[in-house]
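# Structure at a glance
One letter stands for each residue in the lines below.
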Amino acid sequence: MSDTLSKLEKRTAYTLVLPAVLLVFAIVLFPIFANVWISFKDIELKDIRIPEPRAKKIVKSISDDGSELKVIYKLRNSSLIQEIRNVKFQDKFPKNISILNLDPRCNFKSKKIICDFGNWEAKYKENFEIILKNINDEKIKKEIIKSQKPILSGKSDNPLLTTNFTLENFKKVFYENNFIELLLTTFYFTFFGTVGAIIFGILAAQLVNQNIQGRSYMRGILLFPYVGPVVALAYTWTLLLDPNSGTLNALLVNFNIMESPINLLGQKYITISILGFDFKLRLALTTVIFFEIWRYFPLAFLFILARLQAIPKSLYEAAEVDGASPVQKFIHITLPQITAIISILFMIRFIWNFNKFEDIFLLTGGASGTRTLPINVYQQGFAVSDIGMGSAVSIVIVMLLLAFMIIYFKLIGKKANEI
Amino acid sequence: MKFKSITIFLVISSFFLTCILSIWKIMSTLQGLNFTNLNITGVFFNGIILSLLFVLIGNRINHLIKIFLLSFLFSSLYFYFNETSPYWYIFGVFLIILFFTNKLKKYNTKSLTEDFISEKIIFDFITLFGIVFFAFVILFPFYIMLVTSFKTQIALLVNPLDFSLDFSKSLKELFKSYFVIFETYNFSRYILISSAVSIGTVIVTLLFAIPAAYAVARLNFFGKNFLSTSILIIYMFPAIVLVIPLYTVFSQLGLRNSIFGLLIVYTATTLPVAIYMLQGYFKSIPKEIEDAGIMDGQNWFGIILKIIIPLSLPAISSVALYVFMIAWNEFLFSLMFLDSPKSFTLSRAIQYLSGDAETPRQYLMAGSVIVTLPVLFIFVYFEKYLVSGLTSGGVKG
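As the structure is a computational prediction, the values presented were derived from the model and not from experiment.

Here is what the cut-offs are and how they apply
- Residues numbered from 1 in each chain as written.
- Chains lettered and ligands numbered in written order.
- Predicted model: local features only at pLDDT ≥ 70, side-chain atom pairs only at ≥ 80, totals over all residues.
- Helix = DSSP H or I, 4+ residues; strand = E, 2+ residues; numbered from the N terminus.
- Rg over C-alpha atoms; globule rule 2.2 N^0.38 Å.
- Buried ≥ 20, exposed ≤ 12 C-beta atoms within 10 Å, placed from the backbone.
- Contact = placed C-beta atoms within 7 Å.
- Nonpolar A, V, L, I, M, F, W, Y, C, P; charged D, E, K, R; others polar.
- Pairing = 2+ DSSP bridges.
- Axes fitted to C-alpha atoms, helices over the stretch in contact; angles between N-to-C directions.
- Left-handed = near helix turned anticlockwise from the far one by under 90°.
- pLDDT = per-residue confidence, 0-100.
- Domains from an automatic or database assignment.
- Core = buried A, V, L, I, M, F, W, Y, C linked by C-beta atoms within 7 Å.

On to the overall build of chain B, then. Looking only at helices and strands, chain B features 19 helices and zero strands. Relative to the 2.2 N^0.38 estimate, which gives 21 Å for 397 residues, the radius of gyration of chain B is 29 Å and therefore markedly larger than a compact globule would have. Expressed as lengths along the three principal axes of its C-alpha atoms, the size of chain B is roughly 80 × 60 × 35 Å. Across the 397 residues of chain B, 43% fall into the buried class.

The next point concerns the overall build of chain A. Scanning chain A from terminus to terminus reveals 14 helices and ten strands. Structurally, chain A occupies a C-alpha span of about 115 × 85 × 45 Å along its principal axes. The buried share of chain A, reckoned over its 419 residues, is 36%. Nonlocal contacts in chain A, meaning residues at least 24 apart in sequence, comprise 74% of its contacts between residues at least 6 apart.

To continue, consider the interface of chain B and chain A. Facing the 86 residues of chain B at the interface are 82 residues of chain A. Among the elements that make up the side of chain B that touches chain A, the one with the highest residue count is helix H5 (residues 117-148) of chain B (15 residues). For the side of chain B that touches chain A, the per-class residue count stands at 59 nonpolar, 21 polar and six charged.

Take the sheet that holds strand E4 (residues 97-99) of chain A next. All names here are of chain A. On the basis of which strands lie adjacent, the open sheet formed by four strands has the order E1-E2-E7-E4 and antiparallel pairing. In this open sheet, the two edge strands, each paired with only one partner strand, are strand E1 (53-61) and E4. Adjacent strand axes in the sheet meet at a mean angle of 30 degrees when their direction is disregarded.

Residues and elements named next belong to chain B. Contact pair helix H3 (residues 63-81) / helix H4 (residues 87-103): the axes reach a minimum separation of 9 Å and the direction vectors enclose 140 degrees. For the pair H3 and H4, the sense of crossing is right-handed. Along its contact with H3, which presents Ile67, Leu70, Ser71, Phe74, Ser75, Tyr78 and Phe79, the element H4 presents Ile90, Val93, Phe94, Ile97, Leu98, Thr101 and Asn102. Of the residues belonging to the contact of H3 with H4, the class tally is ten nonpolar, four polar and no charged.

Here the focus is the packing of helix H9 (residues 283-309) of chain A against helix H11 (residues 326-354) of chain A. Residue and element names in this part refer to chain A. The geometry of H9 relative to H11 is characterised by a closest axis approach of 10 Å and an angle of 145 degrees between their N-to-C directions. Along this stretch, H9 crosses H11, giving a crossing that reads as right-handed. On H11, the residues touching Glu292, Tyr296, Ala300, Phe303, Ile304, Arg307 and Leu308 of H9 are Thr334, Gln337, Ile338, Ile341, Leu345, Arg349 and Asn353. Considering only residue class, the contact of H9 with H11 consists of eight nonpolar, three polar and three charged.

Below, the discussion takes up the environment of Tyr80 of chain B. Residue and element names in this part refer to chain B. Among the secondary structure elements, Tyr80 is positioned in helix H3. Exposure remark for Tyr80: the 8 C-beta atoms within 10 Å place this residue in the exposed category. Sequence separation between Tyr80 and Leu338 is 258 residues; the distance between their C-alpha atoms is 60 Å.

What follows deals with the pairing of strand E5 (residues 106-109) of chain A. Residue and element names in this part refer to chain A. For E5 and strand E6 (residues 112-120), the ladder comprises four bridges, and the chain directions are antiparallel. Counted as the bridge partner of Asn107 is Ile114 from E6. Adjacent in sequence and paired antiparallel, E5 and E6 are bridged by two residues, among which Ser110 carries a positive phi angle near 40 degrees.

Once that is clear, we can look at the confidence of the model for chain A. On average, chain A scores 85 in pLDDT, and the residues at 70 or more come to 97%. Taken element by element, the predicted model of chain A shows its lowest mean pLDDT in strand E9 (residues 269-274) of chain A (78) and its highest in helix H7 (residues 230-241) of chain A (93).

Here the focus is the sheet that holds E6 of chain A. Residue and element names in this part refer to chain A. Pairing within the open sheet is antiparallel, and its four strands lie in the order E5-E6-E3-E8. Two strands close off the open sheet at either side, each with one partner strand: E5 and strand E8 (151-155). In this sheet, neighbouring strand axes are inclined to one another by 15 degrees on average, regardless of whether the strands run parallel or antiparallel.

Right, let's talk about the domain arrangement of chain A for a bit. Here chain A is described as being made up of domain 1 (51-155) and domain 2 (177-385). Using C-alpha coordinates to define each centre, domain 1 of chain A is positioned 64 Å away from domain 2 of chain A.

Attention shifts here to unusual backbone geometry. Residues and elements named next belong to chain B. Of note, the phi angle at Asn186 is positive, near 65 degrees, even though the residue is not glycine. Relative to the elements of secondary structure, Asn186 occurs in the loop between helix H8 (176-183) and helix H9 (187-218). Notably, Asn257 is not glycine yet its phi reads approximately 60 degrees, a positive angle. When you line up the elements, Asn257 lands in the loop between helix H11 (243-253) and helix H12 (259-283).

Where a protein is soluble and globular, its nonpolar side chains tend to be buried together. If you look at the biggest cluster of nonpolar residues, it comprises 183 residues, and the most contacted ones within it are Phe301 of chain A together with Ala209, Ala212, Ile275 and Leu278 of chain B. The element contributing the most residues to this core is H9 of chain A, with 17 residues. Discounting chain neighbours no more than four positions away, the residues touching Ala209 of chain B are Ala20 of chain A together with Leu271, Ala274, Ile275 and Leu278 of chain B.

Structurally, Phe224 of chain A is set in helix H6 (residues 224-227). Distance in space between the C-alpha atoms of Phe224 of chain A and Pro298 of chain A is 8.0 Å, their sequence separation being 74 residues.

With that settled, the discussion passes to the confidence of the model for chain B. Residue and element names in this part refer to chain B. Looking at chain B as a whole, its pLDDT mean stands at 85, while 97% of the residues score no less than 70. No element of chain B has a lower mean pLDDT than helix H19 (residues 383-393), which averages 70, and none a higher one than H9, which averages 93. The complex model carries a pTM of 0.87, and its ipTM stands at 0.90.

Moving on, we get to the pairing of strand E2 (residues 68-77) of chain A. Residues and elements named next belong to chain A. What you see with E2 is a clean split: Leu69, Val71, Tyr73, Leu75 and Asn77 sit on the buried side and Glu68, Lys70, Ile72, Lys74 and Arg76 on the side with no burial. Across nine bridges, the pairing between E1 and E2 is antiparallel. For Pro53, the partnering residue across the bridge sits in E2 and is Asn77. Between the antiparallel neighbours E1 and E2 lie six residues, among them Gly66 with a positive phi of about 75 degrees. Taken together, the nine bridges between E2 and strand E7 (residues 125-134) define a ladder with antiparallel strand orientation.

Right, let's talk about the environment of Ser149 of chain B for a bit. All names here are of chain B. Mapped onto the elements of the fold, Ser149 is located in the loop between H5 and helix H6 (153-158). Assessed through the 22 C-beta atoms surrounding it within 10 Å, Ser149 is described here as buried. Between the alpha carbons of Ser149 and Ile193 there is a distance of 23 Å; along the sequence they are 44 residues apart.

Right, let's talk about helix H17 (residues 346-355) of chain B for a bit. Of all ten residues in H17 of chain B, seven are buried; the element is thus mostly enclosed. Along H17 of chain B, the residues classified as buried are Leu346, Ser347, Arg348, Ala349, Ile350, Gln351 and Leu353 of chain B. Buried residues in H17 of chain B make contact with H7 of chain A together with H9, helix H16 (332-337) and helix H18 (361-381) of chain B.

If you want it as structure tokens, here you go:
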């Protein structure tokens, strides 16, 4: 009895889970593996279209009474690089029609013309003409002939499915592409973006956790940058920071804080001298990092605030009795209570910042020294249109991610369950 | 000791006053007032005198009368030195000083001798300063977005600081950019597509996620643990590594430029987090209630429909809102998959607009306002649900 019950339970469970699992498998897991396949192929954006035989039909009348028509089919292979094998062609005509010049490759039977064109090499083109005649010398209606579309079929290799593999893509990723700088930029961006977001998150949470008026409004407002659409926010910032007529530069110049406008998103380096030493700062990268912090500190804030509100008030009261100062309270009570959530936040945000694409793409497009790995996937895959290369960069990202995740689960995986 | 705490009090409080007055000055500059000097030192010393007077007067006069008197005195002084400034500006200054002196209420010559008073002063004013700072930094870009959509490109190029609105214009003239993007750039279509895709994603995601989450939360089957851990791992994989294979496959299947293609991608990418959030909530429902349902002869479909869903409506709505927001804000896939203006979503349409350098910025900002308003509205209205959704699933983004 219980055996059949558990069997039923299992069957139910699989029916419930299967649709979701299949969908996620098809759209998320399959592409990750497909990346491995594509990354070993020499394949470009233009190769991924499957070659198709195409025909454009043009109808012309060639006799005065309209009983004879010339039909021109402009045949071509849609692909510039691949041949199509065994092309078949078929078209239908109204009744009482004969064909005057039947091509040897074709058959005309019961109102249908069927042709066997054989193989078409890449870029193949042909003007295929037939002349139609009405048997009873009546007028053939052009519109009817025109409205009938020819059917073509053929076989071709899908370039994605061939088994020619190459290591070229990975060689290019590691040796030709300034890989070290790419990696360094990605890590700068990720690390400082994460740390900055967490620091501002702690500050904001500490503020909102005080007894102030309008605390719930403040919490709502602080989350605005996180919930707003990235496109709108990125373009607003681009306008704000614009060197020619952006508000920020105009204000700085207006109040004589700076002599001339500064191109915060378009300048790669800026030299800052502190105590006589010259430092070279990655300006555009820093700006992008600040945008990133602005957008994502609310998330850290939300998590830390939730943790802060769970700290028992009695702890602070006891400290008060012992005569602790506000700073001592923060260091000895608050900080130990939030270290766990901070370490989790750090890992999670680190992984997400590492993958960030939209923000940088919309702000700078990866120019002026802000090219990170995800931006590079896009540039290789779609700007240079080298799909294989883009996939190879994706694989590098996946590998690094896996490494981060292993570290994450080793270090704080257990802690995560406790919270 | 007392001297030290008084000095700290004076410096910190007038630093705070200087900050808010400077922000007020900047905001007024953006209304077209012609200030070219923040005059920080002047304001700072005035602040020190103000705080000193406040502490010296102490409890000799009623607090309310005291703050009104001081604010009136100092804003008149301010007016005297900045004769050109209009009355609304001075009135703002008056209110700010009123607010500031009210915040000083708990300080007097006596309280300044308490233990750790200097640390407390610093903490208090840093809190105040922090709130003003965060509110300003966060709201300022939204403010610029909104007011730019009411200006014209030419006016802004002539004077990039003048964001004042001319209310004498007709409404049609004032909202011109909105009319233009709807009439010329077809934004009503994009709003429709964005809504359809987002709402569709919510529905399909819930349809797939509720049964799966129920199974993970309640039923025993082989591979359950594996499934629940892999949900989280899958969630960590970013869209950017999926883009190239999906692009190639979708091109070959003819799913690019189709709303349906976008819908399945959005659903699949939000499913893991939806399942994760829902199963956590389902686990918290007492099992006895379901047992009663099983006794009544309900099958799993009946249990989910009649027991689980009604009991977990709050969780389901927070998942729904969260998924809606993700789908509405999504940009990467819509950039990759849509290249015909017929099938653009709002985000993609704005990005497409910006690609043309000739597009005046007020249209871009009007579009941005249109894409931002619904999410902000939903967020403010359903904040409670969304915040719980964000904290359980919000590691992404």
